[in-house]
Amino acid sequence: MSKFIASPANSLSGNLKVPGDKSISHRSIMLGSLSHGITKVSGFLEGEDALSTLKAFQAMGVKIERDGDNVTIHGVGINGLKKPQGPLDLGNSGTSIRLMSGILAAQAFDCELVGDESLSKRPMNRVINPLRDMGAIIDSNDGKPPLKITGGQTLKGIDYDLPVASAQVKSCILLAGLYADGDTCVTEPAPTRDHTERMLKGLGYKVRVNDNQMCLTGGGDLKATEIQVPSDISSSAFFMVAAAIAPKADITLLGVNINPTRTGVIDILQLMGANLTLSNEREIGGELLADIRIQSSKLTGIHIPEELVPLAIDEFPAVFIAASCATGETILTGAKELRVKESDRIQVMADGLDILGIDNEVLEDGIKIQGGVFKEPTGMIESHHDHRISMSFAVASLRCDYPIEINGVDNVMTSFPNFVELANSAGMSIIEI
Ligand code: S3P
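Quick notes on the rules
Residues numbered from 1 in each chain as written. Predicted model: local features only at pLDDT ≥ 70, side-chain atom pairs only at ≥ 80, totals over all residues. Heavy atoms only, no water. Helix = DSSP H or I, 4+ residues; strand = E, 2+ residues; numbered from the N terminus. Rg over C-alpha atoms; globule rule 2.2 N^0.38 Å. Buried < 20%, exposed > 50% of the residue type's maximum accessible area, 1.4 Å probe, protein only. Contact = heavy atoms within 4.5 Å. Areas by Shrake-Rupley, 256 points an atom, 1.4 Å probe, with all protein chains shown as cover. Lys, Arg positive; Asp, Glu negative; His and termini not counted. Charge placed at Lys NZ, Arg CZ, Asp CG, Glu CD. Pairing = 2+ DSSP bridges. Axes fitted to C-alpha atoms, helices over the stretch in contact; angles between N-to-C directions. Near = heavy atom within 4 Å. Polar contact = N/O pair within 3.5 Å; in protein donor to acceptor, adjacent residues only side chain to side chain. 1 Å grid on protein atoms, 1.4 Å probe; cavity = no way out; pocket = protein on both sides within 12 Å on 5 of 7 lines; lining within 4 Å. Sits in = over half its atoms within 2 Å of the grid points. Nonpolar A, V, L, I, M, F, W, Y, C, P; charged D, E, K, R; others polar. Domains from an automatic or database assignment.

Caption draft 1: Representation of the overall build of the protein chain within the structure. For the protein chain, the count of helices and strands is 13 helices and 23 strands. Computed over C-alpha atoms, the radius of gyration of the protein chain comes to 21 Å, within 12% of the 22 Å expected from 2.2 N^0.38 for 433 residues, which places it in the range of a compact globule. Taken over the C-alpha atoms alone, the protein chain extends approximately 60 × 40 × 40 Å along its principal axes. For the protein chain, the residues scored as buried account for 60% of the 433 residues in total. In the protein chain, the proportion of contacts linking residues at least 24 apart, taken out of those at least 6 apart, comes to 75%. Element-wise, carbon and sulfur atoms account for 47% of the exposed surface of the protein chain, whose accessible area totals about 15,700 Å². In the protein chain, 38 positive and 54 negative side-chain charges are present, and the distance between their average locations comes to 3 Å.

Structure below.
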């Protein structure tokens, strides 16, 4: 059990490079493993979540070498995975379990996917149901992990309308579709991150995208290539909010992924009046990157447009801190999915904001936050072991006159292992004990 003590700080400066994108790092291991040939990955996220995926593929017989954030994957081809010795432990990682269940449902061997306490409470029927429609045999603990997958099934392609806007579910079905007879199509109710589609194309697999429908035909091959992982916009978001709320700030985040399915946080902060500009936009390996400069800003509360919700789904804990420092009310609706992330991010954030004296009202699918002043904390903030809750409340220290204590910050390691070091180098004052 570890905690942060984030002491008051009011200025932030520097050129910062945050670690590699988590979603792209996961996919680089999965698709690199299933490719023919050697895939070299640079900028890989050395966080526990991406490492859970890496270890799982090693356990299935893939030779993967790592030297810091450089990873070399000796691909075994689409049918080259071997039965692991025991259950695959995916730790805290929803992306690992949901995407891998699509791949594993189609293997010749049985396997079991397990996770930590938080992952073991997260809903899996959203992947189990469509995979069963494809012919998979999967047992679960009442729709939650562990997942026991029976191998040796022949999958058939399906045409699936996603009931929730979820890139994990879309990706799971498309990955199972690589092995299925015929065409697999997924239609999404709103755009979600498209890293799977982009990477499949980069590895030579044809994905047909028509508006909100993605289709592929099973039975093809993936060819190894080089993958450069850009900086993660979700990790960058903590620094965007930090600079926007800090009394004195001017920072530039270098080489951040600005894939249009991920930039909701930029749109939301700009709608709130953030002093945020993009420069040096470029494309690397099918993904868009930019440098993002953020300076101290006068923020105003807004009603967040619902169409931005899936495009900023991981950034709301940080956005709630921005809303707490804005003039007026910020309203979020249409964001029920936040309740089934690593924690119930609506309730857990509301509880933390209560401790800091910020008026808020919890809605079934969102929250109303009345901008104000952070008061002396009435107790310790409980992160419920959710990495993004921990980092969000650490950022609040830029506008609080008292130290903020945050409990259960161990899982910051899942997505942003050098968060404290980078935050302190920019001017924050966080210690971990
Ligand atoms: C992810 C998709 C999102 C996101 C998660 C990563 C991915 O989950 O919250 O952190 O890499 O596909 P959902 O698909 O559940 O929205």
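That shown, we press on.
Caption draft 2: Summary view of the sheet that holds strand β16 (residues 275-284). Pairing is mixed in the open sheet, where four strands are placed in the order β2-β15-β17-β16. Because the sheet does not close on itself, it has two edges, and the strands there are β2 (11-16) and β16. Averaged over all pairs of adjacent strands, the angle between their axes in this sheet comes to 15°, without regard to strand direction. Sheet topology note: the β2/strand β15 (residues 248-257) ladder contains six bridges and is parallel. Across the sheet, residue Gly14 finds its bridge partner in β15, namely Ile251.

Caption draft 3: Quick look at the site of the ligand. The environment of the ligand is formed by Ser23, Arg27, Thr95, Arg98, Ser166, Ala167, Gln168, Arg193, Ile313, Asp314 and Lys341. One of the side-chain nitrogen or oxygen atoms of Lys341 is found 2.7 Å away from an oxygen atom of the ligand. Considered on its own, the ligand offers 390 Å² of accessible surface; in the complex 96% of this is hidden by protein. Cavity membership is defined here by more than half of the atoms lying within 2 Å of grid points; on that basis the ligand lies in the largest pocket. Elements that contribute at least two residues to the shell around the ligand include exactly α1 (22-33), α3 (94-104) and α5 (167-177). Class assignment for the residues of the shell around the ligand results in two nonpolar, four polar and five charged. Two domains each donate at least three residues to the shell around the ligand, and these are domain 1 (3-20 + 230-432) and domain 2 (22-228).

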